[in-house]
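Here is what each chain is made of, one letter per residue.
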Amino acid sequence: MKKVFKPVLLLSFVLLLLGNLLPGTTETSASSQEGQASVMDLRVMTYNLRYKNNSDPSPHTWEERRPTIRQVINNEKPDIFGTQEAIYEQIKGLDEDLPQYEWIGEGREGGSKGEFMAVFYDKNRFSPIEYDHFWLSDTPDVIGSTSWGNTIPRMVTWVKFHDKKSGQPFYFVNTHFDHRSQEAREKSAALIVEKIKEFNPELPILVTGDFNANPGTKPHQILTAEGAFADLWNTAETRINEDLGTFNGFDNPTGGGPNNRIDWILSKGNVTAETIEIVDFQKNGQFPSDHYPVIADVTLQ
């Protein structure tokens with residue numbers, strides 16, 4: 001069931017009440033304004049943070065990497081970003097480290113259990129209107145469900161936001177595809193394409209994620225087929241670090257090269273990208289994560 005934020009519903013009720021009481025005004029609701037054109041300039045990022053575990057050697061333990069990740073995010077200043085793999089303890093740590101952001105998410109095994117597809121957003125700029133989660137399986141509404149050969153639950157977290165600057169709404173979707181099952185990746189892509197048909201078709205959509213698939217593979221083709229999404233790496237006016245991939249494994253500065261670009265930012269609707277970049281920041285030989293983040297400057301209308 002979709003979670004709807006009560007303050008937004010209250011505001012809509014107040015606006016409706018005022019429209020009925022004030023002379024010369026017409027009844028106005030938030031939904032009736034959603035199709036009105038307005039420009040939003042956003043900086044959006046996707047970042048697989050690498051889950052906390054006991055096997056990553058120094059200097060790549062979570063405790064050592066945490067301040068470096070905070071530095072990367074503060075340096076890049078995304079307005080909104082999706083994370084993958086982080087467990088609840090890591091999400092809470094980021095929440096403490098980044099007071100300018102709020103976040104929405106749920107563990108892939110339900111509640112605070114398992115890895116999160118968290119959505120962090122500038123709390124001074126955006127208000128969440130509604131949000132929900134679904135699982136990448138034959139039973140997407142069943143928490144922690146798996147299908148298609150994946151043994152690890154995979155999921156999507158999506159949020160519909162109100163941008164206080166432009167007054168306009170948009171959707172933000174964050175996911176992490178399975179790393180072993182090709183069938184799971186393909187069917188996950190098809191499920192996302194199907195599920196977003198439930199969204200307001202007049203509103204732009206941004207999608208972030210670790211797709212565990214390279215450009216040109218079947219999952220990428222499904223997601224970027226006509227009528228689905230655009231890969232902002234392909235449509236951006238400027239690409240920075242085109243020679244890199246996004247999975248560095250804590251030991252490969254090239255990220256595996258351009259054919260290993262497995263972390264994507266996608267869009268649907270009237271969205272253009274000025275610049276997109278694979279951020280290969282390192283600090284004294286330390287990789288902040290085993291993935292490089294991808295960040296894009298986009299305009300939504």
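Numbers given to residues run from 1 along each chain, matching the order in which its sequence is written. Totals for whole chains, interfaces and linings use every residue, but because this is a predicted model, local features are given only for residues with pLDDT of at least 70 and side-chain atom pairs only at 80 or more, for both listing and counting. As a convention, hydrogens and water are excluded, and side-chain values are obtained from all of the structure's heavy atoms.

Here we look at the overall build of the protein
Then, in step 1: When you go through the protein residue by residue, the secondary structure sums to six helices and 14 strands.
Then, in step 2: Note on classification: 1.4 Å probe, protein chains only; a residue is buried when its accessible area is under 20% of the maximum for its type, exposed when over 50%, partly exposed between these limits. Buried positions account for 51% of the 301 residues belonging to the protein.
Then, in step 3: Within the protein, contacts between residues separated by at least 24 positions form 73% of all contacts whose residues are at least 6 apart in sequence.
Then, in step 4: Method for areas: the Shrake-Rupley scheme with a 1.4 Å probe, in which residue coverage is limited to the protein chains shown. Counting every atom, the protein has about 13300 Å² of accessible surface; 50% of that belongs to carbon and sulfur. A run of H or I in DSSP becomes a helix once it reaches four residues, and a run of E becomes a strand once it reaches two; helices and strands are each numbered from the N terminus. The contact criterion used is simple: two residues touch if any of their non-hydrogen atoms lie within 4.5 Å.

Here's the deal with the nonpolar core
Then, in step 1: Think of a nonpolar core as a cluster: buried Ala, Val, Leu, Ile, Met, Phe, Trp, Tyr and Cys residues, connected wherever their side-chain atoms sit within 4.5 Å. Grouped together as the largest cluster of nonpolar side chains are 30 residues, with contacts concentrated most on Val44, Ile80, Phe161, Phe170, Phe172, Val298 and Leu300.
Then, in step 2: Counting only elements with at least two residues in this core, the list comes to strand E2 (40-48), strand E5 (119-122), strand E6 (126-135), strand E7 (155-163), strand E8 (169-176), helix H6 (232-235), strand E13 (271-278) and strand E14 (294-300).
Then, in step 3: Setting aside residues no more than four positions away along its own chain, Phe161 makes contact with Ile80, Val119, Tyr121, Phe126, Ser127, Pro128, Ile129, Gln168, Pro169, Phe170 and Phe172.
Then, in step 4: Trp148, Val156, Ala184 and Ala213 belong to the second-largest nonpolar core, a separate cluster that totals 24 residues.

Here we look at helix H2 (residues 62-76)
Then, in step 1: For H2, built from 15 residues, the straight-helix expectation of 21 Å at 1.5 Å per residue is met to within 8% by its first-to-last C-alpha distance of 20 Å.
Then, in step 2: Taken together, the buried positions of H2 are occupied by Trp62, Arg65, Thr68, Ile69, Val72, Ile73 and Glu76. Around the axis of H2, the buried residues are gathered within 140° of arc, so they sit on the same side.
Then, in step 3: Looking one or two residues past H2, Lys77 carries a phi angle of roughly 55°, positive in sign. The span expected for a helix works out to 1.5 Å for each residue beyond the first. The directions from the helix axis to the C-beta atoms form the arc being described.

Focus on the pattern of salt bridges
Then, in step 1: In the sections that follow, a salt bridge refers to a side-chain nitrogen of Lys or Arg positioned within 4 Å of a carboxyl oxygen of Asp or Glu. Overall, the coordinates contain 18 salt bridges when judged by the stated rule.
Then, in step 2: The partner of Asp290 in a salt bridge is Arg50, and the shortest N-O contact between them spans 3.9 Å. One end of the pair, Asp290, is in the loop between E13 and E14; the other, Arg50, is in the loop between E2 and H2, and 240 residues separate them in sequence.
Then, in step 3: Bridged by salt links that share partners, the residues Arg66, Arg70, Glu96 and Asp97 form one connected network.

Some points on unusual backbone geometry
Then, in step 1: Of note, the amide linkage connecting Ser58 to Pro59 takes the cis form, showing an omega dihedral of 10°.
Then, in step 2: With respect to the helices, strands and loops of the structure, Pro59 is situated in the loop between E2 and H2.
Then, in step 3: One non-glycine residue, Lys77, lies in positive phi territory at about 55°.
Then, in step 4: With respect to the helices and strands, Lys77 occurs in the loop between H2 and strand E3 (80-84).
Then, in step 5: Positive phi, close to 50°, is recorded for Asn212, a residue that is not glycine.
Then, in step 6: Along the chain, Asn212 falls in the loop between strand E9 (205-210) and helix H5 (218-223).

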